[in-house]
Amino acid sequence: MPTSDSPAAGTTGAPTAPSGTSPARPARIRVHHLQAAKQRGERLTMLTAYDAVTARLFDDAGIDMLLVGDSIGNTMHGHTTTLPVTLDELVVAARAVAGAVRRAFVVADLPFGSYEAGPEQALASAVRMMKETGVAAVKLEGGQRSLAQIRALTAAGIPVVAHLGYTPQSENLLGGPRVQGRGDQGQRLCDDAVAVVDAGAVAVVLEMVPAEVAARITEVVPVPTIGIGAGPECDGQVLVWVDMAGMGDWSPRFAKRFGEVGAALTAAARAYADEVRSGAFPEAAHSFDA
């Protein structure tokens with residue numbers, strides 16, 4: 001049975017329950033479990049989550065890490081980018097996710113405009129996120145430009161996940177969702193990764209980075225790398241859950257559809273509408289006696 005010092009149970013090498021029995025609940029995953037997983041070569045799993053219902057399902061499925069991402073803006077709130085998302089909005093979502101899980105390591109994004117002004121602003125935003133939600137860590141974007149913020153948060157006892165490569169909050173400067181780290185930029189990305197870890201980052205998300213560059217970063221940094229469109233050699237993988245579950249007509253190139261939940265939900269809604277219109281629902285079993 002996993003103990004409080006076990007690496008991320010549910011990944012490769014984790015014990016399984018005997019046939020016919022319920023699996024024992026693993027310990028809540030903490031920072032040192034992420035480090036242990038990297039050292040043992042166990043791949044970490046991460047998905048986004050924005051509400052209690054999906055968070056509980058993913059936690060029960062054994063997902064190691066849940067990201068309350070500012071991707072809530074273009075997946076749930078109808079925005080075309082993550083930029084409009086506010087700290088207030090992410091606090092509400094993060095509180096719901098953190099309150100629903102028993103095992104997963106929950107990370108919340110610091111949204112655009114909540115940390116760029118410097119360490120003081122970053123610390124105020126992160127302290128609020130930690131106090132009001134119960135998440136285990138915060139994530140912020142940027143390499144060299146974010147080192148002072150990472151140091152300040154780490155000094156205050158707040159675990160920080162760094163985000164390098166394609167950073168959606170900077171998409172206007174980057175020219176949209178484009179691969180980062182090609183050619184001469186690869187070494188600069190490696191230098192950024194080393195720098196954010198030296199500043200205190202407990203993990204690094206690599207988004208839309210050439211596989212070879214991501215593999216090199218994974219080899220040189222002592223903390224887990226979590227890839228999204230960064231090849232198979234990262235220490236873990238993350239996907240936006242609506243891409244993973246097939247909730248829309250389109251998915252990014254780096255995402256695999258592991259289900260067609262959108263089609264199933266549409267079919268269920270149509271069946272419900274048909275039965276209401278025909279009078280087949282509700283039946284006596286769904287009604288109460290006087």
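Rules behind the numbers
Residues numbered from 1 in each chain as written. Predicted model: local features only at pLDDT ≥ 70, side-chain atom pairs only at ≥ 80, totals over all residues. Heavy atoms only, no water. Helix = DSSP H or I, 4+ residues; strand = E, 2+ residues; numbered from the N terminus. Buried < 20%, exposed > 50% of the residue type's maximum accessible area, 1.4 Å probe, protein only. Pairing = 2+ DSSP bridges. Axes fitted to C-alpha atoms, helices over the stretch in contact; angles between N-to-C directions. Contact = heavy atoms within 4.5 Å. Polar contact = N/O pair within 3.5 Å; in protein donor to acceptor, adjacent residues only side chain to side chain. Patch = residues over 30% accessible without salt bridge, like charges linked within 9 Å, V, L, I, M, F, W, Y side chains within 5 Å. Areas by Shrake-Rupley, 256 points an atom, 1.4 Å probe, with all protein chains shown as cover. Salt bridge = Lys/Arg side-chain N within 4 Å of Asp/Glu carboxyl O. Expected span 1.5 Å × (residues − 1). Arc of directions from axis to C-beta.

### Side note on the environment of Gly78
Structurally, the position occupied by Gly78 is in the loop between α3 (72-75) and α4 (87-100). Here Gly78 falls in the exposed class, since its relative accessible area comes to 67%. Once the C-alpha coordinates of Gly78 and Val97 are considered, the two residues, 19 residues apart in sequence, prove to be 20 Å apart.

### Quick word on the sheet that holds strand β6 (residues 203-207)
Pairing is parallel around the closed barrel formed by eight strands, whose spatial order is β1-β2-β3-β4-β5-β6-β7-β8. Between one strand and the next, the sheet's axes are offset by a mean angle of 25 degrees, whatever the strand orientation. Where helix α6 (residues 147-155) meets the sheet, it contacts β4 (137-141) and β5 (160-165), and its direction lies at approximately 170 degrees from that of β4.

### Focus on the side chain of Gln180
Relative to the elements of secondary structure, Gln180 occurs in the loop between α7 (171-174) and α8 (185-199). The buried category is assigned to Gln180, whose relative accessible area is 13%. Separated by 3.0 Å, the side chain of Gln180 and the backbone oxygen of Arg178 make a polar contact.

### Considerations on a nonpolar patch on the surface
Nonpolar side chains collect at one region of the surface, where Met247, Val261 and Leu265 lie side by side and expose about 240 Å² of accessible area between them. Relative to the elements of secondary structure, Met247 occurs in the loop between α10 (241-244) and α11 (261-278).

### Examining helix α5 (residues 119-133)
With 15 residues, α5 should cover 21 Å at 1.5 Å per step; its first-to-last C-alpha distance of 21 Å lies within 8% of that length. Where α5 is concerned, the buried positions are Ala122, Ser125, Ala126, Met129 and Thr133. Across the axial projection of α5, the buried residues extend over an arc of 95 degrees, all falling on one side. In this structure, α5 carries Glu120 and Lys131 as exposed residues pointing more than 90 degrees from its buried face. Of the surrounding elements, those touching the buried residues of α5 are α4, β3 (105-109), β4 and α6. Positive phi appears at Gly134, one or two residues downstream of α5, with a value of about 85 degrees.

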